[in-house]
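Fold and contact review
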Amino acid sequence: MGFYEQYIEKTPKSALAAKRARAIIPGGVGSAIQFWAPYPVYINDSKGSKVWDMDGNEYIDYCMCYAAMVSGHGNEIIAEAISKQAYKGALYGLPCEAATLLAEEIQRRYPCVDMIRFTQSGVESTMYAVRLARAATKKMGVLKVEGAYHGANDMLLASTGVPTDTAAGPDWMPSTIVESAGIPSGAIEHTYVVQFNHIESLEYQLKKHEGEIACFILEPCMTNGGVIPPDPGYLEAVRALTKKYNVLLIMDEVKIGARIAPGGGVEKYGIIPDLVTLAKAIGGGTPLGAFGGRRDLMEMISPLGPAVHFGTYNANPLTAEAGLACLTKVLTPEVYAEMDRLSLKYAEGLESIINRLGLPACVTIEGPLGGIQFVPEKPHTYRQANKCDKKMWSEYWYGMLCKGVIPMGSGWFEEYSISAAHSEEDIDETLNRTEDVLQTIKETI
Ligand SMILES: Cc1ncc(COP(=O)(O)O)c(C=O)c1O
């Protein structure tokens, strides 16, 4: 019996839950990324590095809600902070001091953030940051990287999962490909695409659209295409070119912020953007996002300026307390060091299994994030990563599920995420199970 069939055999209660959910929720899931064929596992409980499905199967979880659960599941410090605040009220619709304290903690980690506003999610953070950049520059053009995902807002949902054929355009001038039905062509009319780690494509678009571009939104380490770190000198060249062409640089740190270092990519790579977008880790597992940066730009936000930013749930005390507990009590310097150490051990272990078995795969890593890429050479662009052997990835995915491991987010383009709750034992156990799965894959190719 193959891994796919074993998975179905192991998960009859999830099958029933999926059937019931599908009747009322499209696909039976809250977000397309939660779906895989024939149905995902439905989760009952979680604690630390583990989750349990409705059939009682235990999984060591490396998806960690797409890197958001940096504290691990059910963290007691955060649970206490949320519960204490819930009794005092979840939403006031009026300002509270916890949001100011959280803003100050983020500023401590990101000295380039003079001012900040909170949202509920990453998609809102990137949407408002781009609106602000457009308002400040009075230009409409937006540059983004091919394969980069910045949330599902209309103007940025372009070229996130480009085909490998010629429709994607040449390397130096990728096409803008709309990724959803229902997006008016006008919404992406001013969205232009460049290749990651490819300074020529950036310079080409900057020259071609000179005077039209408000901002370049960039995840300094790509995390949609597996983990693809920046090549040496790439980010420095990006900063120099954006300054030369008078284009604002927005660093999208929704996934890597407060994750790959206390001050995210800005701290790790030492490049100062004009604006930063955040979410995931800063909310301690609650729906909290933020965008911030230069004072002169942030002062353009209503009520100080003409760029509107509204939201019933903005800067609410519940998420602010959860974020504060996470950043100030859970994510200590020792925890960052330990997450990095375990991640390196995991990545080196995976690499040695791959080498031993002679599989056409490699491992990429940045701090606590990383994973197997089923391409022989480490990719530097999304295009290179997208050449991965998707069939082999699929076997790996179902194989690991059968062995009680959620190895990454549920797509070849995702990565593993080590949290504060993962242990040495988790890594050793996961490496043993991975070896079994990859050995089976090796025997079938
Ligand atoms: C880099 C990046 N930006 C933005 C988003 C969107 O965030 P959210 O899912 O909170 O809307 C994501 C989501 O994974 C992301 O990885």
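Structure: see above.
To keep things clear, this report deals only with the structure shown in the data block. (Residues numbered from 1 in each chain as written. Predicted model: local features only at pLDDT ≥ 70, side-chain atom pairs only at ≥ 80, totals over all residues. Heavy atoms only, no water.)

Right, let's talk about unusual backbone geometry for a bit. Residue Pro38 is reached from Ala37 by a cis peptide bond, and omega for that bond is -5°. Relative to the assigned elements, Pro38 resides in the loop between α2 (12–22) and β1 (43–47). Residue Pro303 is bonded to the preceding Ser302 through a cis peptide linkage, with omega at 10°. At Ala67, a position not held by glycine, the phi torsion is positive, near 80°. (Helix = DSSP H or I, 4+ residues; strand = E, 2+ residues; numbered from the N terminus.)

Empty space within the second largest pocket amounts to approximately 690 Å³. What lines the second largest pocket is a set of 31 residues, and nearest its centre among them are Ala99, Ile116, Arg117, Phe118 and Ala315. Secondary structure elements with two or more residues in the lining of the second largest pocket: α4 (97–109) and β4 (115–119). Per element, the largest residue contribution to the lining of the second largest pocket is 5 residues, and it comes from α4. Residues that form the lining of the second largest pocket fall into these classes: 19 nonpolar, 9 polar and 3 charged. (1 Å grid on protein atoms, 1.4 Å probe; cavity = no way out; pocket = protein on both sides within 12 Å on 5 of 7 lines; lining within 4 Å. Points joined across faces, edges and corners; volume = space filled by probe spheres on them. Nonpolar A, V, L, I, M, F, W, Y, C, P; charged D, E, K, R; others polar.)

Another aspect to go through is the environment of Ala148. Its place among the elements puts Ala148 in the loop between β5 (141–145) and β6 (191–194). Assessed through its relative accessible area of 2%, Ala148 is described here as buried. Along the primary structure Ala148 and Gln195 are separated by 47 residues, whereas in three dimensions their C-alpha atoms are 9.5 Å apart. (Buried < 20%, exposed > 50% of the residue type's maximum accessible area, 1.4 Å probe, protein only.)

Scanning the entire structure with this criterion turns up 21 salt bridges. Between Arg109 and Glu105 there is a salt bridge, and its shortest N-O distance comes to 2.8 Å. One end of the pair, Arg109, and the other, Glu105, are both in helix α4, 4 residues apart, so they sit about a helical turn from each other. For Glu105, a relative accessible area of 7% corresponds to the buried category. We note a salt bridge from Lys244 to Glu203, for which the minimum N-O separation is 3.8 Å. Here Lys244, found in helix α7 (residues 234–244), pairs with Glu203, found in helix α6 (residues 199–208); they are 41 residues apart in sequence, far enough to count as distant. Given the relative accessible area of 24%, Glu203 is considered partly exposed. What you see here is one network of salt bridges that share partners, running through Glu338, Arg341, Lys345, Glu424 and Asp428. (Salt bridge = Lys/Arg side-chain N within 4 Å of Asp/Glu carboxyl O.)

What the 3 strands build is an open sheet, ordered β11-β12-β14; its pairing is antiparallel. Edge positions in the open sheet fall to β11 (362–366) and β14 (416–417), since each of these has one partner strand only. Note: strand β12 (residues 369–373) against β14, 2 bridges, orientation antiparallel. Within β14, the position partnered with Gly370 by the bridge is Tyr416. (Pairing = 2+ DSSP bridges.)

In the vicinity of the ligand, the contacting residues are Ser121, Gly122, Val123, Tyr149, His150, Gly151, Glu219, Asp252, Val254, Lys255 and Lys280. Here an oxygen atom of the ligand sits 2.8 Å away from a polar atom, N or O, in the main chain of Gly122. A distance of 2.8 Å is found between an oxygen atom of the ligand and a backbone nitrogen or oxygen belonging to Val123. Burial of the ligand by the protein chains amounts to 81% of its free accessible area of 390 Å². (Near = heavy atom within 4 Å. Polar contact = N/O pair within 3.5 Å; in protein donor to acceptor, adjacent residues only side chain to side chain. Areas by Shrake-Rupley, 256 points an atom, 1.4 Å probe, with all protein chains shown as cover.)

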